[in-house]
Amino acid sequence: MVSVMTRKELPPESEMPRVYRDWLEHLRKDKKRSTLDAYGDGLRRFLFYAEIHPSLFEPSSVDQATLSDSIRLMRLDGLERSTIKSTIAAAKSFCEFCQEQGLIDGLPNFTMLRRGVPPATRLDPDPYHPGELQDLFATAREPSQRHKVRWPERDFPMLSFLAVLGLRGQELCDANCDWIREERYVDTDEARNWTLHIQGERRRCRQLPLSWELLKAFDQWEQSRSERFWHPSSYRPLFVTNDDERFTVERLRYWLKGLQQDAGLRHRPLKAFRQTAQLQWENSGLTASQISRFLGNSKPDWL
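Residues numbered from 1 in each chain as written. Predicted model: local features only at pLDDT ≥ 70, side-chain atom pairs only at ≥ 80, totals over all residues. Heavy atoms only, no water.

J.: Looking at this structure, how should I read the nonpolar core?
T.: In terms of nonpolar packing, the biggest core is built from 42 residues, with F161, L196, F239, W255 and F273 touching the most fellow members. Of all the secondary structure elements, the ones that give two or more residues to this core are α6 (130–140), α7 (152–163), α8 (169–174), β2 (192–199), α9 (212–228), α10 (249–263) and α11 (271–283). Every residue in contact with F161, bar those within four places of it in the chain, is listed here: G166, L167, L172, I180, L196, L214, F218, L238 and F239. Counting residues in each nonpolar core, the second largest holds 31 residues, with W23, Y39, F46 and F48 among its members. (Core = buried A, V, L, I, M, F, W, Y, C linked by side-chain atoms within 4.5 Å. Buried < 20%, exposed > 50% of the residue type's maximum accessible area, 1.4 Å probe, protein only. Helix = DSSP H or I, 4+ residues; strand = E, 2+ residues; numbered from the N terminus. Contact = heavy atoms within 4.5 Å.)

J.: Honestly, the packing of α7 against α11 in this entry has me stumped. Any pointers?
T.: Helix-helix packing is described using two parameters, namely the angle between the two axes and the distance between the axes. Closest axis-to-axis distance for the α7/α11 pair is 7 Å, and the angle between their directions is 65°. Here α11 runs roughly perpendicular to α7, going by the angle between their axes. On the side of α7, the interface is formed by L159, L162 and A163, while α11 contributes F273, R274, A277 and Q280. Looking at the contact of α7 with α11 residue by residue, the classes come out as five nonpolar, one polar and one charged. (Axes fitted to C-alpha atoms, helices over the stretch in contact; angles between N-to-C directions. Parallel < 35°, antiparallel > 145°, perpendicular 65-115°, else oblique. Nonpolar A, V, L, I, M, F, W, Y, C, P; charged D, E, K, R; others polar.)

J.: Any chance you could explain α11 here in plain terms?
T.: An α-helix turns once every 3.6 residues. As a result, residues three or four positions apart point the same way. For α11, built from 13 residues, the straight-helix expectation of 18 Å at 1.5 Å per residue is met to within 8% by its first-to-last C-alpha distance of 19 Å. If you check which residues of α11 are buried, you get A272, F273, R274, Q275, T276, A277, Q278 and W281. Looking one or two places after α11, you find G285, whose phi comes out positive at around 100°. (Expected span 1.5 Å × (residues − 1).)

J.: I'm lost on the environment of T66 in this one. Help?
T.: Within the secondary structure layout, T66 lies in helix α3 (residues 64–76). Expressed as a C-alpha distance, the spacing of T66 and E51, which sit 15 residues apart in the sequence, is 9.9 Å. T66 has contacts with F46, A50, I52 and S61, leaving out every residue within four places of it along the chain.

On their own, these measurements won't tell you what the molecule is for.
Spelled out as structure tokens, the structure:
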């Protein structure tokens, strides 16, 4: 299932510079309200993927290289083709307005962008180093002064499910509370085992064992969650946002950016956690086929 970025996750219009508002006001003469909304969302979506803060955005920010890189990231995130086309159309309209106003000299090659950016290629493995992972986990346990999306009791186990268990971002978003199950082969407390039953790509199912440390962290998250909202039923999401909604991949990416910034680390995509888990399992002596089963891959290879 492809997740769709909601409007409230885009950079807020109130923070956009005056040239953005002037552009929309110019369009208001001959564009419908729905078109204005779509164009406004499209340009702010470009800022989101280009990682440009609204206060730093200017007409020259919409250049060929930044546009191409942003569209590649949209494709990697699985955005609909129509959404990407809408983003390109918004950027083209904005650049044409800026050129008319004498704010830029030339236009990016939008014909090339519409014909299609080169397919997203495999990225070289870029796992976290042990020291970086320690910094990330230590930061996850602490509240943030800069990022309101943070929630320490949730962030630590959620980070563990990504970095230790190697879940895909979409798998974490899809997971429900009843995916954690008790497996007891002998009727003693010592024989209790808890596993996470993942429904991954192409409905492939796999079971991942949960350590007592991870279970303890998850229990603390459930307690904090029930104090703020209510005790979740079995079909509720395993992890929720600060407003008690299921995560989308885009909101998960936004959360991760804040966590990385708080930890003083450079930005890496969600996929880096799976690469980190794979490397840890390789170092622990697991075979390629075992690692492939844990990750839910069709073949034992880098992701």
